[in-house]
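# Structural overview for review
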Amino acid sequence: MASRALVIGPADYAPDSGIASHPEIGQSARMYGQVLESDPRWGTDAVEVLPAEQLGSVNDVMGAVQRTADQAEPGDTLLVVYVGHGACWSDMPDDQVHLAVGSSRLLQPHTWLSSWYVYRAIRRSRASLKVLIADCCYSNLLPQLSGEGTKRGPLGVGAEGTCVLTATKNNPRADAKGCPRLPDGLDTCTPFSGHLLDVLTRGTRHHDDELTLGLLRDAVQARMHGCDTPHDLPNMILNGGREGMPLFTNRMARPDRERTPSAPASAEEWVETMMRESPYPLDRLLDDPANAGRVVTLLAQQANDAGRRLALRVNERANRYFERPELFAQYWAEAGQALLA
Ligand SMILES: [Zn+2]
């Protein structure tokens, strides 16, 4: 399995375009690149930050999105990050968000990149988990990624394996000015991306070794809320309901994190604990492949989406954890039928 990330951050616009150039946009894009490259779940080969000369036109940007989406294979994670200006015109047939590229002009919608093109490319990608992080105005209007044209992946995660994480901003004049409370390099990013990247760099106190989208959202919201700089708080929307999916490494040192909770015993106790959202040491479950498989089956059989989502989370971890085929076989003998159902 591999992961692919594309970071798009057009910071410069023509002086007469009517669109403000913000160095914070370019700095955010560079820092997404650095932070992802140093995350063991991603790494140098997995991350592309579009250089300034490829941010100039809709064609260039869309070409990069298409190429990255096409490269991803089943089992991969596809992450597209957009930092920049978003626009939405009241006389459009529906709320279609448009994203600025270098040659965009404020009053000319045809010079902007329609988010529908980006969505279409991502939706058609064969990646098993697809995530869009959008740090722009009107990102609250971005629809779910899952939808028409989404194919189910080999483990049935296709249609559900999509998520949009947005820094909801209604105000078209949202302040891009960096937060001085953030460490060097992040203090000159946009406040949302700066705080998000700070969470990725420092990790969270959660006991788990992985940062799920839900943990990331909660940590960014908490830190922006608790920040000495008053922030226009992002109402981060995890649209697509994939909050249990691990996406990044939790980089806080183990001793600084909360104590690992004790492990439930039987498969039934595991399910009860997980459904209650009490803390649980997921890696301990994977010490026993067959039991992990039984838990996945019981979760998948729950009469609600939360159970199914948890089942997919355990499965995602199991796919990476059981490198020895005989261990994976023990797991899959118990879990396979329920996941393929
Ligand atoms: Zn702040």
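First, a word on what this report is: a plain description of the structure on this page. Only a predicted model underlies this, so the values are computations on that prediction, with no experimental measurement involved. (Residues numbered from 1 in each chain as written. Predicted model: local features only at pLDDT ≥ 70, side-chain atom pairs only at ≥ 80, totals over all residues. Heavy atoms only, no water.)

## Things to note about the sheet that holds strand β6 (residues 113–114)
Within the open sheet, the three strands sit side by side as β4-β5-β6. Their pairing is antiparallel. Each edge of the sheet is formed by a strand with only one pairing partner; in this case those strands are β4 (86–87) and β6. The pairing of strand β5 (residues 98–99) with β6 spans two bridges and is antiparallel. Its bridge partner being in β6, Leu-99 is matched across the sheet by Leu-113. (Pairing = 2+ DSSP bridges. Helix = DSSP H or I, 4+ residues; strand = E, 2+ residues; numbered from the N terminus.)

## Considering empty space enclosed by the protein
Within this structure, the stated rule accounts for one cavity of 30 Å³ or more. Every residue along the wall of the largest cavity is listed here: Tyr-82, Leu-99, Ser-115, Tyr-119, Leu-132, Ala-134, Cys-136 and Leu-142. Elements supplying a minimum of two residues to the lining of the largest cavity: α3 (115–124) and β7 (129–135). (1 Å grid on protein atoms, 1.4 Å probe; cavity = no way out; pocket = protein on both sides within 12 Å on 5 of 7 lines; lining within 4 Å. Points joined across faces, edges and corners; volume = space filled by probe spheres on them.)

## Structural notes on the pairing of strand β1 (residues 3–8)
Counting buried positions along β1 yields five of six residues, so the element is predominantly enclosed. The pairing of β1 with strand β3 (residues 77–83) spans six bridges and is parallel. Note that in β3 the partner of Leu-6 across the bridge is Val-80. Inspection of the sheet shows β1 paired to strand β2 (residues 47–49) by three bridges, in the parallel sense. Residue Ala-5 lies in a different strand from β2, and its bridge partner there is Val-47. Between β1 and its parallel partner β2, the chain crosses via helix α1 (residues 23–37), and the hand of that crossover is right-handed. (Buried < 20%, exposed > 50% of the residue type's maximum accessible area, 1.4 Å probe, protein only. Right-handed = clockwise from strand over helix to strand, strands pointing away.)

## Regarding the pairing of β3
Burial within β3 is extensive, with seven of its seven residues counted as buried. Side chains Thr-77, Leu-79, Val-81 and Val-83 of β3 all project onto a buried face; the interleaved residues Leu-78, Val-80 and Tyr-82 project onto the opposite face, where all are buried too. As paired elements, β3 and β7 share seven bridges and run parallel to each other. Each bridged residue has a counterpart across the sheet, and for Val-80 the counterpart in β7 is Leu-132.

## Notes on the pattern of salt bridges
Per the counting criterion, the structure on display carries 16 salt bridges. Asp-16 serves as the salt-bridge partner of Arg-105, at 3.3 Å between the closest nitrogen and oxygen. Of this pair, Arg-105 sits in the loop between β5 and β6 while Asp-16 sits in the loop between β1 and α1; the two residues are 89 residues apart in sequence, bridging distant segments of the chain. A relative accessible area of 27% places Arg-105 in the partly exposed class. For Asp-16, a relative accessible area of 56% corresponds to the exposed category. Taking the shortest distance from any N to any O, the salt bridge between Arg-67 and Glu-48 comes out at 3.2 Å. Of this pair, Arg-67 sits in helix α2 (residues 58–71) while Glu-48 is found in strand β2, placing the two residues 19 residues apart along the sequence. Assessed through its relative accessible area of 23%, Glu-48 is described here as partly exposed. (Salt bridge = Lys/Arg side-chain N within 4 Å of Asp/Glu carboxyl O.)

Honestly, that's just the spatial picture; any functional story needs more than this.
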